[in-house]
Amino acid sequence: MSTWAIVPVKPIYQGKSRLAVVLSQHERVLLNQMLYMHLLQVLREVHNIEEILVVSRDTSILATARQWGARTLQEDGRIGLNMALRRATVMAQIYAASEVLILPVDLPLITAEDVQAIFQTARFERGIVIVPDRHHYGTNALLVRPPGVLDYQFGSNSYEAHCRQARQKGLEVRTLELPSVAFDLDWPEDLEHWRQLHSTPLTL
Ligand SMILES: Nc1nc2c(ncn2[C@@H]2O[C@H](COP(=O)(O)OP(=O)(O)OP(=O)(O)O)[C@@H](O)[C@H]2O)c(=O)[nH]1
Ligand SMILES: C=C(OP(=O)(O)O)C(=O)O
């Protein structure tokens, strides 16, 4: 079993744009860097991940990935998240990956144990494990085995879209409820919630 984690990352100055109403540009850059470092750290602790592949059009993001021992894929212009993930998956397939785990960077509470729980849930030959966000609207983690059997549909209502497509294709579908992975930082109220529940390491 050769497992690849794929992390798509927006340019550092563009990520978390929906928080621009409550955070300055500088604060958003700090937040983006912190979230990115947190995810790389967590993924490094998960021993069955053979490769971490970061896909981005931001060369500073890719340089950091390489410092962490991750592979990188330079995104070719504004091809969009789903196409970027598709290209990253093709790269994983070329290296004979047997499964890919897609993780967005905005998961401040994710732990290595969460990631292990995702792999433990994948008891099938062909299927997906999906961790929805806490509104059951977005997709906060997506394991696909084998790589390439699902067309990515990140965007609005992606949880339902991914599940529906996988069922139509005859894939096993496992939804995993993981509160810490279900918590993503999209909107100002998410940031407020995070501040209330947890002491944030930044004075954002
Ligand atoms: N490589 C790549 N990653 C992307 C792209 N768009 C979004 N992402 C990443 O995909 C994940 C989900 O992103 P979004 O929720 O769309 O963007 P965000 O930066 O988290 O938040 P907003 O800017 O507020 O929409 C995050 O890891 C983003 O960094 C893209 O065009 N290319
Ligand atoms: C693009 C997605 O992420 P977000 O909900 O963070 O926009 C998604 O979940 O499909």
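Residues numbered from 1 in each chain as written. Chains lettered and ligands numbered in written order. Predicted model: local features only at pLDDT ≥ 70, side-chain atom pairs only at ≥ 80, totals over all residues. Heavy atoms only, no water.

As recorded in an unreviewed UniProt entry, the protein chain goes by the name Phosphoenolpyruvate guanylyltransferase, listed as coming from Thermanaerothrix daxensis. Looking at the Sequence similarities (unreviewed entry) heading of the UniProt record, one finds this comment for the protein chain: "Belongs to the CofC family." For the protein chain, the Catalytic activity (unreviewed entry) comment in UniProt is given as "phosphoenolpyruvate + GTP + H(+) = enolpyruvoyl-2-diphospho-5'-guanosine + diphosphate". (UniProt positions renumbered as here; feature names shortened; annotations may be inferred.)

J.: How should I be thinking about the packing of aromatic side chains in this particular structure?
T.: The relative placement of two aromatic rings is captured by the distance of their centres and the angle of their planes. Across all of its chains, the model carries two aromatic pairs by this definition. Ring geometry for Tyr-152 versus Phe-154: centroids 6.3 Å apart, planes at 40 degrees, classification tilted. The pair formed by Tyr-152 and Phe-154 is uniform in burial state, with each residue classed as buried. (Phe/Tyr/Trp six-rings, centres within 6.5 Å; stacked < 30°, edge-to-face > 60°. Buried < 20%, exposed > 50% of the residue type's maximum accessible area, 1.4 Å probe, protein only.)

J.: Please clarify how unusual backbone geometry should be interpreted in this entry.
T.: Residues apart from glycine generally show negative phi values, whereas peptide bonds are mostly found in trans. That bond from Arg-145 to Pro-146 is cis: its omega, -10 degrees, falls within 30 degrees of zero. Along the chain, Pro-146 turns up in the loop between strand E6 (139-145) and helix H5 (158-168). With a phi angle near 60 degrees, Lys-16 is a residue other than glycine that sits in the positive phi range. Tracing the chain through its elements places Lys-16 in the loop between strand E1 (3-8) and helix H1 (25-44). Of note in this structure, Asn-157 is not a glycine but carries a positive phi near 55 degrees. As for its position among the elements, Asn-157 is in the loop between E6 and H5. (Helix = DSSP H or I, 4+ residues; strand = E, 2+ residues; numbered from the N terminus.)

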